[in-house]
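Architecture and fold: a report
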Amino acid sequence: MKKISFPVLDKYKYWFFVVGSLVLALICNLLVFLILDDPWSVRTFLFKTFFMWGFFYPVTFIAYEQAKKQHEEEK
């Protein structure tokens, strides 16, 4: 797996927050539907995904801060 260099991540950090949190919300919501075997509908899937999207935004912020800290330690 190719690592993203920190200067590129720093340049597009706000896109990383938005896209990263959306991807995490989609994956977790899909896993919940598959594991719990809930009745599936597009409306509930999208509602739960966008609801969870806001909760994963801080997670991507923490991931960014950890990458920033690691980059500063490597310098």
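Since this is a predicted model, take the numbers as computed values, not measurements.

Here we take up the packing of aromatic side chains. Counted under the stated rule, the structure contains nine aromatic pairs. When the ring of F17 is compared with that of Y57, the centres are 5.6 Å apart and the planes differ by 65°; the resulting orientation is edge-to-face. Of the two residues, F17 is situated in helix α2 (residues 13-36) and Y57 in helix α3 (residues 42-74); the sequence distance between them amounts to 40 residues. Its relative accessible area of 35% is what places Y57 among the partly exposed residues. Pairing F33 with F45 gives two aromatic rings, centres 5.7 Å apart and planes at 45°, and the pair type is tilted. Here the residue F33 occupies a position in helix α2, and F45 occupies one in helix α3, the gap between them amounting to twelve residues. Through a chain of ring-to-ring contacts, the aromatic side chains of Y14, F16, F17, Y57, F61 and Y64 assemble into a single cluster.

Scoring rules and cut-offs
- Residues numbered from 1 in each chain as written.
- Predicted model: local features only at pLDDT ≥ 70, side-chain atom pairs only at ≥ 80, totals over all residues.
- Heavy atoms only, no water.
- Phe/Tyr/Trp six-rings, centres within 6.5 Å; stacked < 30°, edge-to-face > 60°.
- Helix = DSSP H or I, 4+ residues; strand = E, 2+ residues; numbered from the N terminus.
- Buried < 20%, exposed > 50% of the residue type's maximum accessible area, 1.4 Å probe, protein only.

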